[in-house]
Each structure stands twice: as C-alpha cells, then as structure tokens.
Amino acid sequence: MKQNFKGAIFDLDGTLIDSNGVWKQIDIEFLGKRGFSVPDDYMSAISHLGSYGCALYTIERFQLNESPEALIEEWTEMAKEAYATKIALKPFAKEYIQLLHNNNIPLAIATASKLELVTSVLENNDVLSYFHSITTLSEVSRGKGFPDIYEKAAEKIQCLPKECVVFEDILKGIQGANMGNFYTVGVFDCYCKEQEAVKKEANHYIYSFKELL
C-alpha cells in the first residue's frame, strides 16, 4: 500500500457502503414492472455510468418509451429510504476514514450516485463531516472508464493525481484512475463479477478496510 499520500478519493457504492444489494433489488423490481428479467451483465454494464448514462443505456437496451429523467426520478425514489435509513458502511470503513482524518488527509467522494443519495447515506452513518468534497459523474463529461471524475475530485482537495489514492470496487473505475496516474486500491465487493481483473489492474487490493488500520 502506498505510503505518504496526500489525498484519498473513495468511490461510494460497493466500496464504502454495502449498497449493491439494494440496487440489485431495484433493478429486479424496475425491470420486472416492464416485463423483463435482469440480464447477468446488466450491473457491470451500467456500474461505471452516471445516472443519466445509465438511463440512456437502459432505454436503448430494453427499448423503453420513457425519458431518461423519468427513469432517474423513479430509481431515486426507490433508493431514497434505503440510503437514508438502512444502508451501512462496510466493516471498518468508518475507522479507516477517522484514521485518515486524524492524520490530516483530505477525503473526497467520487461516485456515479446522485448527490442527494450520497449525502443522506453518509449523514446517516455519521461520516459526512469527514469529507471535504463530493464529486458525481454529472460534473464531468465521461464515465468511470476515464480519469475525469478522479481528476475533478483531486482538484477539489487541492492534490495532484500522483499524490492521491483512489479506492474502487469496479474494474472500469480502477482502469480510469490508473489512466490518470492515481494510485489505485481495489476493494472487494461480493456483487462485483470482475474481482480477479480488479486484483490484476489495481496497485493494491483489500478484502476489508481492517487491513489498512
């Protein structure tokens, strides 16, 4: 694991919080209402996209006669309660966040999730105040297969990419951060089907934040 880094950038879903099970159920209910089952590759296909990109992909793939805005609103409404009251941080994530904070390392979030969901889940888990900034994919032009969101997050905490560690659970996220010259840490998530590839691409890999304490 890289030592003496000056900034830490965290993905949210599947990295800091155990939320991918919630999204899996939302996918089942959302597509089920429209007469579809969830394809095996659906979650990996959309995980690096922002909400708008995800909506466009879903509309095209399932030939839905709906607007992206309508899909985003429905998904957000389905997720609100879980993010505000139920979804927990991954084991030892809070302790690691506190450790970095106590060592004066600025912390940032870089996520595909909507801002209102991000703030509500971090607030419910009593860690919102530790983060200096939150960057969502709506602020950049390309998805997580590119370094844009991580560069934006690093800029907000006034660090150079080479000075930052990026924590991610998905392959596209690791690849995008690597492209931007960030030090990458792959984080295990049971819903990710690309774990072996993540292990190979990341500079470091952890099964739990306990390993970093």
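Residues numbered from 1 in each chain as written. Predicted model: local features only at pLDDT ≥ 70, side-chain atom pairs only at ≥ 80, totals over all residues. Heavy atoms only, no water.

*Asks:* Teacher, can you tell me more about the pairing of strand β4 (residues 164-168) here?
*Replies:* In regular strands, side chains alternate between the two faces of the sheet. β4 sits mainly inside the fold: five of its five residues count as buried. Both faces of β4 are covered, namely the face carrying Cys164, Val166 and Glu168 and the face carrying Val165 and Phe167. Alignment of strand β1 (residues 7-10) against β4, held across four bridges, turns out to be parallel. Following the sheet pairing, phenylalanine 10 is matched in β4 by phenylalanine 167. As paired elements, β4 and strand β5 (residues 183-187) share four bridges and run parallel to each other. What sits directly across from valine 165, in β5, is tyrosine 183. Crossover handedness for the path β4 to helix α8 (residues 171-179) to β5: right-handed. (Buried < 20%, exposed > 50% of the residue type's maximum accessible area, 1.4 Å probe, protein only. Helix = DSSP H or I, 4+ residues; strand = E, 2+ residues; numbered from the N terminus. Pairing = 2+ DSSP bridges. Right-handed = clockwise from strand over helix to strand, strands pointing away.)

*Asks:* I would appreciate a short explanation of the environment of tryptophan 23 in the present structure.
*Replies:* Here tryptophan 23 is to be found in helix α1 (residues 20-32). Spatially, the C-alpha atoms of tryptophan 23 and alanine 79 are 7.7 Å apart, while their sequence positions differ by 56 residues.

*Asks:* Got a minute to help me understand the packing of aromatic side chains in this structure?
*Replies:* In the structure shown here, the tally under the stated rule is 15 aromatic pairs. Geometrically, the ring pair formed by phenylalanine 167 and phenylalanine 209 is tilted, given 6.0 Å between the ring centres and 50° between the ring planes. On the criterion of sequence distance, the pair formed by phenylalanine 167 in strand β4 and phenylalanine 209 in the segment after β6 (204-206) is long-range, its members being 42 residues apart. Chaining the aromatic ring pairs together yields one cluster made of Phe10, Tyr96, Phe131, Phe167 and Phe209. (Phe/Tyr/Trp six-rings, centres within 6.5 Å; stacked < 30°, edge-to-face > 60°.)

*Asks:* Even after reading the chapter, I still don't get the packing of helix α3 (residues 51-62) against helix α4 (residues 68-86), so can you show me in this structure?
*Replies:* The description of two packed helices rests on the angle between their axes and on the distance between the axes. Viewed as axis vectors pointing N to C, α3 and α4 meet at an angle of 115°, and their least axial separation amounts to 9 Å. By the angle between their directions, the pair α3 and α4 is classed as roughly perpendicular. As for the relative orientation of α3 and α4, their crossing is right-handed in sense. From α3, Ser51, Tyr52, Cys54, Ala55, Leu56, Thr58 and Ile59 reach across to α4, where they touch Pro68, Glu69, Leu71, Ile72 and Trp75. Partitioning the contact of α3 with α4 into residue classes produces nine nonpolar, two polar and one charged. (Axes fitted to C-alpha atoms, helices over the stretch in contact; angles between N-to-C directions. Parallel < 35°, antiparallel > 145°, perpendicular 65-115°, else oblique. Left-handed = near helix turned anticlockwise from the far one by under 90°. Contact = heavy atoms within 4.5 Å. Nonpolar A, V, L, I, M, F, W, Y, C, P; charged D, E, K, R; others polar.)

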